[in-house]
2 protein chains.
Amino acid sequence: VGDDAALVEPGHGAVLLTTDLLVEGVHFELSMAPRDLGYKALVANISDVAAMAGSPRYALVSTVLSEAVGPPWVIELYGGMLEACKEHACAIVGGDLSRGREVVVSVTITGEVSHRDVVSRTGARPGDRIVVTGWLGGAAGGLALGRAGDDVVRRAAGTDWERELSLALDRPVARVGEGQTLAQCGATAMMDVSDGLALDLTRLCAASSVGARVRLDDVPVHPALRHLAGMLPGHDPLELALSGGEDYELLATIPEDRVTEAMELLNGRYGTRLHGIGEVAATQEVVAVGADGAERPLEPKGWDHFA
Amino acid sequence: VGDDAALVEPGHGAVLLTTDLLVEGVHFELSMAPRDLGYKALVANISDVAAMAGSPRYALVSTVLSEAVGPPWVIELYGGMLEACKEHACAIVGGDLSRGREVVVSVTITGEVSHRDVVSRTGARPGDRIVVTGWLGGAAGGLALGRAGDDVVRRAAGTDWERELSLALDRPVARVGEGQTLAQCGATAMMDVSDGLALDLTRLCAASSVGARVRLDDVPVHPALRHLAGMLPGHDPLELALSGGEDYELLATIPEDRVTEAMELLNGRYGTRLHGIGEVAATQEVVAVGADGAERPLEPKGWDHFA
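Scope of this entry: the structure provided in the associated data block. It should be emphasised that the depicted structure is a prediction, and the values quoted were computed from it without experimental measurement. (Residues numbered from 1 in each chain as written. Chains lettered and ligands numbered in written order. Predicted model: local features only at pLDDT ≥ 70, side-chain atom pairs only at ≥ 80, totals over all residues. Heavy atoms only, no water.)

In terms of helices and strands, chain A carries ten helices and twelve strands. Its C-alpha atoms give chain A a radius of gyration of 20 Å, near enough to 19 Å, the size a compact globule of 307 residues would have. Across its three principal directions, the C-alpha atoms of chain A cover 55 × 55 × 35 Å. Each of the 307 residues in chain A was classed as buried or not, and the buried ones make up 59%. Nonlocal contacts in chain A, meaning residues at least 24 apart in sequence, comprise 87% of its contacts between residues at least 6 apart. When the accessible surface of chain A is totalled, it reaches about 12300 Å², and 51% of it is carbon and sulfur. Separation between the mean location of the 25 positive side-chain charges and that of the 44 negative ones in chain A comes to 3 Å. (Helix = DSSP H or I, 4+ residues; strand = E, 2+ residues; numbered from the N terminus. Rg over C-alpha atoms; globule rule 2.2 N^0.38 Å. Buried < 20%, exposed > 50% of the residue type's maximum accessible area, 1.4 Å probe, protein only. Contact = heavy atoms within 4.5 Å. Areas by Shrake-Rupley, 256 points an atom, 1.4 Å probe, with all protein chains shown as cover. Lys, Arg positive; Asp, Glu negative; His and termini not counted. Charge placed at Lys NZ, Arg CZ, Asp CG, Glu CD.)

Encoded structure:
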């Protein structure tokens, strides 16, 4: 930082490049703690690198600042970014600043991956198992809780489940080690679940020209969501798990004979649960199978930035 | 594009990373042709790579779109970006889109440079000559012309000098080959003149812990500016050349015995004039020397995004 461009060493493998925009009023509100915003902005990008089985290396951070935010806000924002970088051995090497009418955070990350390990979205084959790390819907639950009435917020305050949902929303985890381990276990396709399982699985299947059968009973609904549903009727836990965005868990397809190994490695190395949720199908339909065996199309509902 | 991150091959040398934000109302107005905006957004970044003696390789482009711009505007914007990329063998490999209240364009470029050739801002040594490519103040002149009254615009329309100033503003040139040639001629420090010569030279001197003496008579004032000054009194050509931004010419320091070689190579290879404008001094002052030999401090006035 200080020169026209940052000079960095290339790694040994291929280079991954990814970028994400976060816009005030679209992706976040200014009421959000700037430290959490900075942390999430980096994690969203690091998660994209993780989804290709890579390791993050360098970050460039550009920010448009409005009159509503001052130096303390900016310091907190960068503090959160540095926290995420530190966790993943990533370095912020450049960026740009401008004033503007609304706050925009634009983050670009470079990553490194060996050619042997890189996993795209296009390799899913009929018969592969569909797996997902961790729990889904937590971030959407945290968001719903944040928008709930004062009485709900007051009753939830201080509970374990409230803390879990807030953490899922504000401090998502990028599954970097998990992504590399899934690659080593032969993952045929992988992506991160940033816009909701239903939408992202539909995208993965389209990229691989395959279909999928998902058993709804096996979708890893975040356990804290049942407490939320008890207080906020209409917030169906399964629906939040299928359509809620920003979980940043990994969705992968993997040969059936490697699934047990992958589950054991992820649990042993990272304490991360890997859940089997269904199979890749030769048809191009993405189907949800209910507890009663009834099948229906899995609607690709989720987070759409232009909705 | 399509996966979570773009997968690209690393080059043979070191990697350069640079990013620039362009915000509506700060860096451009929506009245600007979107094709020119896209072109300039890429050139501004490519110029940063050129200023380190590198070659551009990959670009990531993120855009916030307001309700004021529709699909044809966006297609033109990307068309201009692709034009600039094509000229410099650079590939757009990813990006992000969002809606928002004002238009923001965020571009990140990676470049490649051999360790032997890379030039930073920190190596200027007392006695080095200060050189600058091309002509300065043209973009500022084009901007002044665009903001002039209808009668001036009408009188200037169709003249060669009006076209030259508009081109300087809308279609700046990134000096990629020139930067590499200057490095091969032993340039000790280099940067691009994006915020005005006075401000950028002051930055280069501060980074190198040196001073400078600039002969005002030798500053390469864009020839078309004298026509502008004739029509718009108060627009002093020298002042525009010293303080106008967005010229994207290269400013470098170079050992005295390599200057002639550098001038001949730049002219022979690229048809680009290299102008000597002064010398690096051991003091930390940046001084302007007038035609009468009188010295005054060179005020670091220029483009400040937070002014």
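For the rest of this paragraph, the subject is the sheet that holds strand β12 (residues 295-297) of chain B. Within a sheet, neighbouring strands are paired by backbone hydrogen bonds and run either parallel or antiparallel to one another. Residue and element names in this part refer to chain B. Strand order in the open sheet formed by seven strands is β7-β9-β6-β10-β8-β11-β12, and the pairing between neighbours is mixed. Since the sheet does not close on itself, it has two edges, and those belong to β7 (189-193) and β12, each with one partner. The mean angle between the axes of side-by-side strands here comes to 25°, regardless of whether they run parallel or antiparallel. Of the strand pairs in this sheet, β7 and strand β9 (residues 249-254) are connected by five bridges, and their pairing is antiparallel. Bridging from a neighbouring strand, V193 pairs with E249 of β9. Its contacts with the sheet place helix α10 (residues 259-270) against β6 (129-133), β9 and β10 (274-281), and it is angled at close to 150° to β10. (Pairing = 2+ DSSP bridges. Axes fitted to C-alpha atoms, helices over the stretch in contact; angles between N-to-C directions.)

Moving on: the packing of helix α1 (residues 34-50) of chain A against helix α2 (residues 71-87) of chain A. Residues and elements named next belong to chain A. Across the interface, α1 lies against α2 with an axial gap of 6 Å and an inter-helix angle of 40°. The angle between α1 and α2 places the two elements in the oblique class. Judged by the sense of rotation from one axis to the other, the crossing of α1 with α2 is right-handed. Side by side, α1 and α2 meet where P34, R35, L37, G38, Y39, L42, V43 and I46 of the first sit next to W73, E76, L77, G79, G80, M81, E83, A84, C85 and E87 of the second. In terms of residue class, the contact of α1 with α2 is built from eleven nonpolar, three polar and four charged. (Parallel < 35°, antiparallel > 145°, perpendicular 65-115°, else oblique. Left-handed = near helix turned anticlockwise from the far one by under 90°. Nonpolar A, V, L, I, M, F, W, Y, C, P; charged D, E, K, R; others polar.)

Residues and elements named next belong to chain A. Taking strand neighbours across the sheet as the criterion, the seven strands line up as β7-β9-β6-β10-β8-β11-β12 in an open arrangement whose pairing is mixed. Every interior strand has two partners, whereas the edge strands, β7 (189-193) and β12 (295-297), have only one. In this sheet, adjacent strand axes meet at a mean angle of 25° when their direction is disregarded. This element, helix α6 (residues 176-184), spans β6 (129-133), β7, β9 (249-254) and β10 (274-281) of the sheet and lies at about 0° to β9.

Another aspect to go through is the relation of the copies chain B and chain A. Mapping chain B onto chain A calls for a rotation angle of 180° and an axial translation of 0.0 Å; the resulting RMSD is 0.0 Å. Each copy turns onto its partner about a two-fold axis. Most of the interface of chain B is mirrored in chain A, where 100% of its interface residues again form contacts. (Least-squares fit on C-alpha atoms with pLDDT ≥ 70 in both.)

This part takes up the state of the cysteines. Chemically, a disulfide is nothing more than a covalent bond linking the sulfur atoms of two cysteines. Within the structure shown, the criterion is met by zero disulfides over all chains. There is no disulfide at C85 of chain A, and the cysteine sulfur nearest it, in C90 of chain A, is 4.2 Å away. (Disulfide = S-S within 2.5 Å.)

Listed as interface residues are 55 residues of chain B and, on the opposing side, 55 residues of chain A. Interface area, chain B with chain A, both sides summed: about 4700 Å², of which 58% is carbon and sulfur. At the junction of chain B and chain A, the tally comes to four salt bridges. One can count 17 residue pairs in polar contact (both at pLDDT 80 or more) joining chain B with chain A. For the side of chain B that touches chain A, the elements supplying multiple residues, two or more each, are β1 (6-8), β2 (14-23), β3 (55-65), β4 (91-99), β5 (104-113) and β7 of chain B. The element best represented in the side of chain B that touches chain A is β2 of chain B, accounting for nine residues. Classifying every residue of the side of chain B that touches chain A gives 27 nonpolar, 16 polar and twelve charged. Where strand β2 (residues 14-23) of chain A meets β1 of chain B, three bridges bridge the pair, whose relative direction is antiparallel. Bridged to L17 of chain A within β1 of chain B is A6 of chain B. (Buried area = accessible area lost by both parts, 1.4 Å probe. Salt bridge = Lys/Arg side-chain N within 4 Å of Asp/Glu carboxyl O. Polar contact = N/O pair within 3.5 Å; in protein donor to acceptor, adjacent residues only side chain to side chain.)

Glancing now at the pattern of salt bridges. All names here are of chain A. Taken as a whole and judged by the stated rule, the model has 42 salt bridges over all chains. Notably, a salt bridge pairs E178 with R175, separated by 3.4 Å at the nearest N-O pair. Grouping residues by exposure puts E178 and R175 together as buried. The closest approach of N and O atoms between E279 and R215, which form a salt bridge, is 2.9 Å. You can see E279 sitting in strand β10 and its partner R215 sitting in strand β8 (residues 211-215), a full 64 residues away along the chain. Given the relative accessible area of 24%, E279 is considered partly exposed. Given a relative accessible area of 27%, R215 falls into the partly exposed group.

Glancing now at the packing of helix α3 (residues 138-146) of chain B against helix α5 (residues 160-170) of chain B. All names here are of chain B. Viewed as axis vectors pointing N to C, α3 and α5 meet at an angle of 110°, and their least axial separation amounts to 7 Å. Compared by their axis directions, α3 and α5 come out roughly perpendicular. Along the contact surface, α3 presents G138, A139, G141, G142, L143 and L145, while α5 presents W161, E162, L165, A168 and L169. When grouped by side-chain class, the residues that make up the contact of α3 with α5 number seven nonpolar, three polar and one charged.

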